[in-house]
Amino acid sequence: MAYLPILCYPDPRLHKVAQPVQVVDARIRALVSDMLETMYEAKGIGLAATQVNVHERVIVIDVSEERDQPLVLINPELVWTSPTTHLNEEGCLSVPGIYDGVERFDAVHARALDRHGVVQTIEADELLAVCIQHEMDHLMGKVFVEYLSPLKRNRIKTKMLKAQREESR
Ligand code: NI
């Protein structure tokens, strides 16, 4: 396993659209292991392959308190969304230190392959539902700050670039 560097907003590579995984093989399983290690190390609850500069439809999630219930979603699709939505305070490993409200479905049903290539259907609500929607956005090249007003987004962009400049000094 290896820790993978996480792309930071506004890196343009975060806006690439991920391609479907053709076959869940040893390469994909190694990617999943690395992504899980990276997510746990970064203390995140979800990570999309896009964020580690791999543009294939792979997501790892763990919303459990104990950090011992990894969920792997390969080629995820939403097969049902609740008629109701709510505003949820979100953050992202690619936008460190920024939290803001995004409107999300209260519940979703997602169909995806697991790390063995077996189809699973996940019925999610609360934090897991939000997390699935947030990570699936990443696979479409969308970062949560893009739901915010242009003013807020520009402010965040400026702040991120400044932090990145200071870090690279
Ligand atoms: Ni994120």
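Located above this text is the structure these notes cover.
Asker: Hey, could you run me through the overall build of the chain in this one?
Answerer: Within the chain, the secondary structure is distributed over three helices and seven strands. Relative to the globule expectation of 15 Å for 169 residues, the C-alpha radius of gyration of the chain, 16 Å, shows essentially globular dimensions. The proportion of buried residues among the 169 residues of the chain is 44%. Approximately 9,000 Å² of the chain is accessible, and the part contributed by carbon and sulfur atoms is 52%. For the chain, the separation between the mean place of its 19 positive charges and that of its 25 negative charges on side chains is 10 Å.

Asker: What should I look at first to understand a nonpolar patch on the surface in this one?
Answerer: On the surface, Ile45, Val63 and Leu127 cluster together into a nonpolar patch covering about 200 Å² of accessible area. Inspection of the secondary structure assignment puts Val63 in the loop between β2 (58–61) and β3 (71–81).

Asker: What is the right way to look at the coordination of the nickel ion in this model?
Answerer: As a benchmark, a tetrahedral metal site with four donors has ideal angles of 109.5 degrees, while an octahedral site with six donors has ideal angles of 90 or 180 degrees. Protein-derived ligands of the nickel ion are Cys92 (SG), His134 (NE2) and His138 (NE2), with the metal-ligand distances lying across 2.1 to 2.2 Å. The sequence motif formed by the donor residues of the nickel ion is C-x41-H-x3-H. Pair noted here: Cys92 is in the loop between β4 (85–90) and β5 (100–105) and His138 is in helix α2 (residues 126–139), with a separation of 46 residues, a long-range link. As far as the burial class goes, Cys92 and His138 line up, both buried.

Asker: So what exactly am I meant to see when it comes to α2 here?
Answerer: Counting along an α-helix, one turn takes 3.6 residues, and residues three or four places apart therefore face a common direction. The terminal C-alpha atoms of α2 lie 21 Å apart, and with 14 residues this matches the ideal 20 Å at 1.5 Å per residue to within 8%. Burial analysis of α2 places twelve of its 14 residues in the buried class, the great majority of the element. Taken together, the buried positions of α2 are occupied by Leu128, Ala129, Val130, Cys131, Ile132, Gln133, His134, Glu135, Met136, Asp137, His138 and Leu139. Once α2 finishes, Gly141 follows within two positions and takes phi at roughly 80 degrees, a positive value.

Asker: In this structure, what is going on with the sheet that holds β3? I would like to understand it.
Answerer: Hydrogen bonds along the backbone pair up the strands of a sheet, which may run parallel or antiparallel. Taken in spatial order, the five strands of this open sheet run β1-β2-β3-β6-β7, and their pairing is antiparallel. Looking at which strands have only one partner, the edges of the open sheet turn out to be β1 (46–48) and β7 (119–125). Ignoring strand direction, the axes of neighbouring strands in this sheet form an average angle of 40 degrees. When β3 meets strand β6 (residues 107–113), the two strands line up antiparallel, connected through five bridges. Paired with Glu77 across the two strands is Arg111, which belongs to β6. Contacts between helix α1 (residues 26–41) and the sheet are confined to β1, β2 and β3, with β2 contributing the most and set at about 40 degrees to the helix. Against the sheet, α2 engages β1, β2, β3, β6 and β7, with an angle of about 120 degrees to β7.

Asker: Just checking my understanding: could you explain the packing of aromatic side chains for this structure?
Answerer: When we look at a pair of aromatic rings, we describe it by the centre distance and by the angle of the planes. Per the stated rule, a full pass over the model turns up zero aromatic pairs. The ring of Tyr147 has Lys142 sitting right over it, with the charged end atom 4.1 Å from the ring centre.

Asker: How do you make sense of unusual backbone geometry when you look at a structure like this?
Answerer: In most cases, non-glycine residues show a negative phi, while peptide bonds are predominantly trans. Residue Pro10 is bonded to the preceding Tyr9 through a cis peptide linkage, with omega at 5 degrees. In this structure, Lys43 is a non-glycine residue whose phi angle is positive, near 60 degrees. Within the fold, Lys43 resides in the loop between α1 and β1. With a relative accessible area of 71%, Lys43 lands in the exposed category. A positive phi angle is found at Asn53, which is not glycine, with a value near 65 degrees. Of note, Asn53 is situated in the loop between β1 and β2.

Calculation rules
All residue numbers here refer to positions counted from 1 along the written sequence of the relevant chain. Local features in this predicted model are restricted to residues of pLDDT 70 or higher, and side-chain atom pairs are both shown and tallied only at a pLDDT of 80 or more, whereas totals for entire chains, interfaces and linings draw on every residue. For the side-chain quantities, the full set of heavy atoms in the structure was used; hydrogens and water were omitted. Strands are runs of DSSP state E lasting at least two residues, helices are runs of H or I lasting at least four, and both sets are numbered from the N terminus onward. This radius of gyration counts C-alpha atoms alone. The globule rule is 2.2 Å times how many residues there are, raised to the power 0.38. Type-normalised accessible area, obtained with a 1.4 Å probe on protein chains alone, sets the label of each residue: buried when under 20%, exposed when over 50%, and partly exposed for intermediate values. Surface accessibility follows the Shrake-Rupley procedure with a 1.4 Å probe radius. Residue values consider only the protein chains on display as shielding. By the counting rule applied here, Lys and Arg register as positive and Asp and Glu as negative, while His and the ends of each chain are not counted. Charge positions are represented by NZ for Lys, CZ for Arg, CG for Asp and CD for Glu. Patches were defined on residues exceeding 30% relative accessible area and lacking a salt bridge, with like-charge contacts within 9 Å and nonpolar side-chain contacts (Val, Leu, Ile, Met, Phe, Trp, Tyr) within 5 Å. By salt bridge we mean one thing: a side-chain nitrogen of Lys or Arg within 4 Å of a carboxyl oxygen of Asp or Glu. Any nitrogen, oxygen or sulfur atom within 2.8 Å of a metal ion counts as a donor, with the limit raised to 3.2 Å for Na, K and Ca, and since water is left out, coordination shells can look unfinished. Given a helix with a known number of residues, its expected span is that number minus one, times 1.5 Å. Should DSSP find at least two bridges between two strands, the strands are taken to pair. Note on definitions: angles span 0 to 180 degrees between N-to-C directions of axes, and those axes are lines fitted to C-alpha atoms, for helices only across the stretch in contact. Contacts were defined at the residue level, with two residues in contact if any of their heavy atoms lie within 4.5 Å. Pairing of aromatic side chains requires ring centres within 6.5 Å, counting the rings of Phe and Tyr and the six-membered ring of Trp. Pairs whose planes differ by under 30 degrees are stacked, by over 60 edge-to-face, and all others tilted. A ring has a charge above it when a Lys NZ or an Arg CZ is no more than 6 Å from the ring centre and no more than 35 degrees off the ring normal.

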